[in-house]
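Tertiary structure, described
Now for the letters of each chain:
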Amino acid sequence: MTNKETANDVAVIPESDKVEIIDVHSHFQKDRDYFIDFMKNRKMKTILVDVAKHNATDSTKIERSWDEYVALAEKYPDLFWLCSSLMGLGIDEPDFAQKEIERFKKEIAQGARMVKVWKNFGMVTKDNSGKYIQIDDPRLQPIWDYLKQQNIPVMAHIAEPIQAWRPLNPNSPHFGYYSDHPEYHAYNFPKIPSYETIIAARDNWISKNPDLQILCAHIGSMSHDVDMVAKRLDNYPNIKVELAARFGDLATQDSKKVRAFMEKYQDRILFGTDFGNSTNQSDLTAEELTREKEDLASDYNLLHTYLSTSDSVLIRGQSNVGLSLPKEVLEKIYVTNAKSLLKLK
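Quick look at the structure, then. Note that the structure is a prediction, hence the values are computed from the model and not measured.

On to the overall build of the protein, then. Each helix and strand counted, the protein has 12 helices and 13 strands in total. Relative to the 2.2 N^0.38 estimate, which gives 20 Å for 345 residues, the radius of gyration of the protein is 19 Å and therefore close to what a compact globule would have. Once the C-alpha set of the protein is aligned to its principal axes, its extents read approximately 55 × 40 × 35 Å. Relative to its full complement of 345 residues, the protein shows a buried share of 55%. Within the protein, counting contacts between residues at least 6 apart in sequence, those at least 24 apart form 73% of the total. Carbon and sulfur atoms make up 48% of the accessible area of the protein, which amounts to about 15000 Å² in all. Taking the average place of the 44 positive charges on the side chains of the protein and the average place of its 51 negative ones, the gap between the two points comes to 4 Å.

The next thing to look at is the nonpolar core. Nonpolar side chains tend to gather and get buried jointly when the protein is soluble and globular. Ranked by internal contacts, the top residues of the largest apolar core, which has 96 residues, are Ile143, Trp144, Leu147, Met262 and Leu307. Ranked by the residues each element gives to this core, the list is headed by helix H11 (residues 286–308), at 8 residues. Here Met262 is in contact with Leu243, Leu250, Ile269, Leu307, Leu323, Leu325, Val329 and Ile333, once residues within four sequence places are set aside. Counting 16 residues, the second-largest nonpolar core is a separate cluster that includes Met114, Leu215, Leu270 and Leu344.

Going residue by residue along strand E9 (residues 239–242), you find Ile239 and Val241 tucked away on one face and Lys240 and Glu242 tucked away on the opposite face as well. One ladder, built from 3 bridges, connects strand E8 (residues 214–216) with E9; its direction is parallel. Across the sheet, residue Ile214 finds its bridge partner in E9, namely Ile239. At this point the chain moves from E8, through helix H8 (residues 226–235), to the parallel E9, and the crossover so formed is right-handed. Sheet topology note: the E9/strand E10 (residues 269–270) ladder contains 2 bridges and is parallel.

We now examine the pattern of salt bridges. Using the criterion set out here, one finds 23 salt bridges in the structure. With a closest N to O distance of 3.8 Å, Lys99 and Asp95 form a salt bridge. For Asp95, a relative accessible area of 34% gives the class partly exposed. The partner of Glu102 in a salt bridge is Lys105, and the shortest N-O contact between them spans 3.1 Å. Note that Glu102 and Lys105 are positioned in helix H3 (residues 96–109) at a spacing of 3 residues, about one turn of the helix. Of the residues examined, Glu102 reaches a relative accessible area of 34% and is grouped as partly exposed.

The rules behind the values
Residues numbered from 1 in each chain as written. Predicted model: local features only at pLDDT ≥ 70, side-chain atom pairs only at ≥ 80, totals over all residues. Heavy atoms only, no water. Helix = DSSP H or I, 4+ residues; strand = E, 2+ residues; numbered from the N terminus. Rg over C-alpha atoms; globule rule 2.2 N^0.38 Å. Buried < 20%, exposed > 50% of the residue type's maximum accessible area, 1.4 Å probe, protein only. Contact = heavy atoms within 4.5 Å. Areas by Shrake-Rupley, 256 points an atom, 1.4 Å probe, with all protein chains shown as cover. Lys, Arg positive; Asp, Glu negative; His and termini not counted. Charge placed at Lys NZ, Arg CZ, Asp CG, Glu CD. Core = buried A, V, L, I, M, F, W, Y, C linked by side-chain atoms within 4.5 Å. Pairing = 2+ DSSP bridges. Right-handed = clockwise from strand over helix to strand, strands pointing away. Salt bridge = Lys/Arg side-chain N within 4 Å of Asp/Glu carboxyl O.

Next comes the structure, spelled out in structure tokens:
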């Protein structure tokens, strides 16, 4: 799995407490024999989110997992939906936007319900002039216009948490991630634009596309401060946020304040985890596979405990108490808002 939560011992969810769940942000790249039972027992479906990256050995090429996700969605149509992806690599080419639009036509036909853009905009990918490509670059506008016409939302992971621009802090919920992925620890790379610059470009893009439905991934990279998130939700009626991999940030804040935020914006918040896998089942022993399944169940249970109870929790090293959200709010966050945004049945 990726972005694993640091789970304490969390009780199994009673059957009476289970609600339908749509995890709008997962990366289950490899098949598992336990998928059907695991997800049906949890009343869960998920969206497999493709991530386009620079090839590890050739930065002029793109590396994707799209074909693997399509194969899984075709094998398990009752469990998985699809989200495509966009990078800015090749943006200087005069036919860049049209090529991407033609690709989206094919991938929407294959089942894509969203298109993801992510932190390579602003932090990684550069154009031929050597400038970092920001998400509000006008060369991308034909793509947004096409997605508006097709009523396809954009999942936007723009910027990293603000801690990426600060010294590595063992007490941060992101200490483990930046220890393992120093290439995204912007503090060590002064040429990467500032957090404020990237967020401003993101906000400018949103304001210029009021008819584009945008799902801000990872609580809009503002997860350290729900007031920042609330300000954007108030300013931009076309955006929603999802929670993936940022429960630790929420747990650093006062639970009463976070609960009030969740209740106020209950129609604009979606459940996501960023959980996934990248190892072939054949490369795991039976014991490793069992442990993986148990860890995954524990991680989902921990997030449900945080959202639905007032129990003490430990998430990514952050101790707090749960939000104890009312069931009607949970149902919106878990399923209703996702069905509405993505036209799911």
